[in-house]
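# Residue-level structure breakdown
So the chains spell out like this:
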Amino acid sequence: MKIREKEIREYLQYITVVYFAHADAAPANLEEYDACIRNMIYIASAHDKKELVRKMFAYLLKHPQVEAKAFAGDRYPYTESQVREIIRYAYCQIWPSDDPANEDTSDVEIVQ
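Every chain's residues receive numbers from 1 upward, in the order its sequence appears when written. Only residues with pLDDT of at least 70 are given local features in this predicted model, and only at 80 or more are side-chain atom pairs given and counted; all residues enter the totals for whole chains, interfaces and linings. Only hydrogens and water are set aside; all other atoms, that is, all heavy atoms of the structure, feed into the side-chain values.

### Regarding the side chain of Arg54
With respect to the element layout, Arg54 can be found in helix α3 (residues 50-62). Any residue under 20% of the maximum accessible area for its type is buried, any over 50% is exposed, and the rest in between are partly exposed; the area is computed with a 1.4 Å probe on protein chains only. Owing to a relative accessible area of 14%, Arg54 belongs among the buried residues under this scheme. Arg54 has contacts with Tyr91, Trp95, Asp98 and Glu103, leaving out every residue within four places of it along the chain. In this text, helices come from DSSP runs of H or I with a minimum length of four residues, and strands from runs of E with a minimum of two, each type numbered from the N-terminal end. By definition, residues are in contact when any of their heavy atoms lie within 4.5 Å.

Structure (structure tokens):
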């Protein structure tokens, strides 16, 4: 499965950038991203991209050599660990009974 960098940016920024449309400061806890996560997965589902989001999030979590913060936008100066924590949290909110470490991402290729 080829995943374009643009798609990673788009879906991740529904969380990392859109949050700041209604907030002036970083959230005190990850639960404050819940509305953005629900909105992102609603949009992904409407465009038949829910499986793509699942694979991309799992891929990013399983491949620490890929700089996840590069896809988070520049609205807030996230660290790499913050972005990965947000991705893991979002994955677990959307698929609570699944572990991204068990996701088969062997067919994933990130392309421009």
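Back to the text.
### Quick look at the packing of helix α1 (residues 5-16) against helix α2 (residues 34-46)
The axes are straight lines fitted to the C-alpha atoms, using for helices just the contacting stretch, and the angles between their N-to-C directions are given from 0 to 180°. The contact between α1 and α2 brings their axes to 8 Å, and the two run at 150°. Taken together, the axis directions place α1 and α2 in an arrangement best described as roughly antiparallel. Crossing geometry of α1 relative to α2 is assigned as right-handed. When α1 is examined against α2, the residues Tyr11, Tyr14 and Ile15 are found in contact with a partner set consisting of Cys36, Ile37, Asn39, Met40, Ile43 and Ala44. Here the residues of the contact of α1 with α2 are counted per class, giving eight nonpolar, one polar and no charged. Roughly parallel means an angle under 35 degrees; roughly antiparallel means over 145; roughly perpendicular covers 65 to 115; every other angle is labelled oblique. When the near helix sits turned anticlockwise from the far one by under a right angle, the crossing is termed left-handed; a clockwise turn instead gives a right-handed crossing. Charged residues are taken to be Asp, Glu, Lys and Arg, nonpolar residues to be Ala, Val, Leu, Ile, Met, Phe, Trp, Tyr, Cys and Pro, and polar residues to be all remaining types, Gly included.

### Remarks on the environment of Ile41
Relative to the helices and strands, Ile41 resides in helix α2. For Ile41, a relative accessible area of 14% gives the class buried. When the C-alpha atoms of Ile41 and Val53 are compared, they prove to be 8.1 Å apart, with twelve residues separating the residues in sequence.

### Details of the pattern of salt bridges
Working definition: two side chains of opposite charge can pair if their charged atoms are close together. One side-chain nitrogen of Lys or Arg within 4 Å of one carboxyl oxygen of Asp or Glu is enough to make a salt bridge. By the definition in use, this model includes six salt bridges. As a salt-bridge pair, Lys49 and Glu7 come within 3.3 Å of each other at their nearest N and O atoms. Taken together, the residues span a long stretch of sequence, with Lys49 in the loop between α2 and α3 and Glu7 in helix α1 at a distance of 42 residues. Residue Lys49 is classed as partly exposed on the basis of its relative accessible area of 27%.

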